[in-house]
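Structure assessment
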Amino acid sequence: MAGASFELESEEVRNAIGQAVNALDNPAPLFQVIIEYLHRAHRARFRAQVSPDGKAWQALSPRYQKRKHKNRGKILTLRGHLRNTLRGQFDATGLEFGTDRKYGAIHQFGGDIKQPGGKREVFSKRTKAGVGSRFVKKASSNFAQSINVGPHTITMPARPWLGTSKKDDEQIVERTMAHLKKALAKR
């Protein structure tokens with residue numbers, strides 16, 4: 001995946017999956033069960049706005065919070081694209097879960113985004129009192145102006161959102177064992 005993903009680090013989870021994979025000719029149904037669980041766990045995490053270990057995501061900066069209009073109280077959610085691009089994929093040897101969005105990694109790990117300088121066009125509304133001091137969308141403006149913006153860096157804090165908790169690991173092991181028992185019962 002090009003964006004961000006994670007590997008299951010729990011030895012217990014990897015061992016349980018390995019046992020099931022070895023016992024099954026076709027691990028696809030097991031991987032589908034695990035991916036379904038990972039989707040539910042990550043959706044719940046987005047609702048709670050916490051990392052896999054249960055820590056709250058760092059709050060939005062007051063400056064961004066002030067100008068954010070959609071989903072104002074939600075972190076990592078402007079339109080829901082990141083949350084809605086979670087995908088799982090698998091082959092005969094294992095599975096991968098994450099997003100193909102490149103910005104998924106900067107939110108997961110944090111880092112600096114270097115913005116080049118240059119001319120930008122900004123839009124505002126002109127009234128009888130003069131040009132307003134607030135920028136507006138182009139469609140609702142009646143005044144445009146070119147400005148020079150210097151190069152700058154935006155520092156994004158890490159807000160881990162991909163991964164599993166101990167509870168998630170236990171749930172995956174339970175589902176793996178149930179699937180394995182069902183598969184072995186058929187043999």
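Report on the accompanying structure. (Residues numbered from 1 in each chain as written. Predicted model: local features only at pLDDT ≥ 70, side-chain atom pairs only at ≥ 80, totals over all residues. Heavy atoms only, no water.)

Quick look at the pattern of salt bridges
- A full pass over the atoms with the stated rule returns four salt bridges.
- Between Asp100 and Arg101 there is a salt bridge, with its nearest N and O atoms 3.7 Å apart. (Salt bridge = Lys/Arg side-chain N within 4 Å of Asp/Glu carboxyl O.)

A word on the packing of aromatic side chains
- Inspection of the entire model under this criterion finds three aromatic pairs.
- Taking 5.6 Å as the distance between ring centres and 55° as the angle between the ring planes, the aromatic pair formed by Phe31 and Phe90 counts as tilted. Here Phe31, found in helix 2 (residues 28-48), pairs with Phe90, found in strand 2 (residues 87-91); they are 59 residues apart in sequence, far enough to count as distant.
- Its relative accessible area of 1% is what places Phe31 among the buried residues.
- For Phe90, a relative accessible area of 34% puts it in the partly exposed group.
- Plain terms: the ring middles of Phe46 and Trp161 are 5.7 Å apart, the flat faces sit at 70° to each other, and that makes the pair edge-to-face. With Phe46 in helix 2 and Trp161 in the loop between strand 9 (152-156) and helix 6 (166-185), this residue pair connects regions lying 115 residues apart in the sequence. Note on accessibility: Phe46 and Trp161 belong to one class, buried. (Phe/Tyr/Trp six-rings, centres within 6.5 Å; stacked < 30°, edge-to-face > 60°. Helix = DSSP H or I, 4+ residues; strand = E, 2+ residues; numbered from the N terminus. Buried < 20%, exposed > 50% of the residue type's maximum accessible area, 1.4 Å probe, protein only.)

Examining the environment of Asp112
- In this structure, Asp112 sits in strand 4 (residues 111-115).
- On the basis of relative accessibility, which here comes to 47%, the residue Asp112 falls in the partly exposed class.
- When neighbours within four sequence positions are excluded, Asp112 is seen to be in contact with Ile106, Thr153, Ile154 and Thr155.
- A distance of 2.8 Å separates polar atoms of two side chains, one belonging to Asp112 and the other to Thr155. (Contact = heavy atoms within 4.5 Å. Polar contact = N/O pair within 3.5 Å; in protein donor to acceptor, adjacent residues only side chain to side chain.)

Points about helix 2
- Between the first and last C-alpha of helix 2 there are 30 Å, a value that for 21 residues agrees with the 30 Å anticipated at 1.5 Å per step.
- Those residues of helix 2 that fall on the buried side of the exposure criterion are Ala28, Leu30, Phe31, Ile34, Ile35, Tyr37, Leu38, His39, Ala41, His42, Arg45 and Phe46.
- Within two residues after helix 2, Gln49 carries a phi angle of roughly 55°, on the positive side. (Expected span 1.5 Å × (residues − 1).)

Details of the layout of surface pockets
- For the largest pocket, the calculated volume is near 1,800 Å³.
- Along the walls of the largest pocket sit 33 residues, with Arg63, Tyr64, Arg67, Lys68 and Leu78 positioned nearest its centre.
- If you list the elements that add at least two residues to the lining of the largest pocket, you get helix 3 (62-67), helix 4 (81-84), helix 5 (103-109) and strand 9.
- Tallied by class, residues from the lining of the largest pocket come to 13 nonpolar, 10 polar and 10 charged.
- In this structure, the second largest pocket spans a volume of roughly 290 Å³.
- Along its surface, the second largest pocket is lined by 14 residues, and Glu7, Leu8, Arg14, Gly94 and Leu95 are the ones closest to its centre.
- If you list the elements that add at least two residues to the lining of the second largest pocket, you get strand 1 (4-6), helix 1 (11-23) and strand 3 (94-99).
- For the lining of the second largest pocket, the residue count by class is seven nonpolar, four polar and three charged. (1 Å grid on protein atoms, 1.4 Å probe; cavity = no way out; pocket = protein on both sides within 12 Å on 5 of 7 lines; lining within 4 Å. Points joined across faces, edges and corners; volume = space filled by probe spheres on them. Nonpolar A, V, L, I, M, F, W, Y, C, P; charged D, E, K, R; others polar.)

A short note on the side chain of Gln108
- Mapped onto the elements of the fold, Gln108 is located in helix 5.
- For Gln108, the side chain forms a polar contact with the main-chain nitrogen of Trp161, separated by 2.9 Å.

Some remarks on the nonpolar core
- In this structure, Ile17, Ile34, Phe97, Trp161, Leu162 and Ile172 are the most contacted members of the largest nonpolar core, which totals 28 residues.
- Contributions of two or more residues to this core are made by strand 1, helix 1, helix 2 and helix 6.
- The element that contributes the greatest number of residues to this core is helix 2, accounting for eight residues.
- In contact with Leu162, not counting residues within four places along its chain, are Ala4, Ser5, Phe6, His42, Arg45, Pro52, Leu86, Phe97, Gly98 and Gln108. (Core = buried A, V, L, I, M, F, W, Y, C linked by side-chain atoms within 4.5 Å.)

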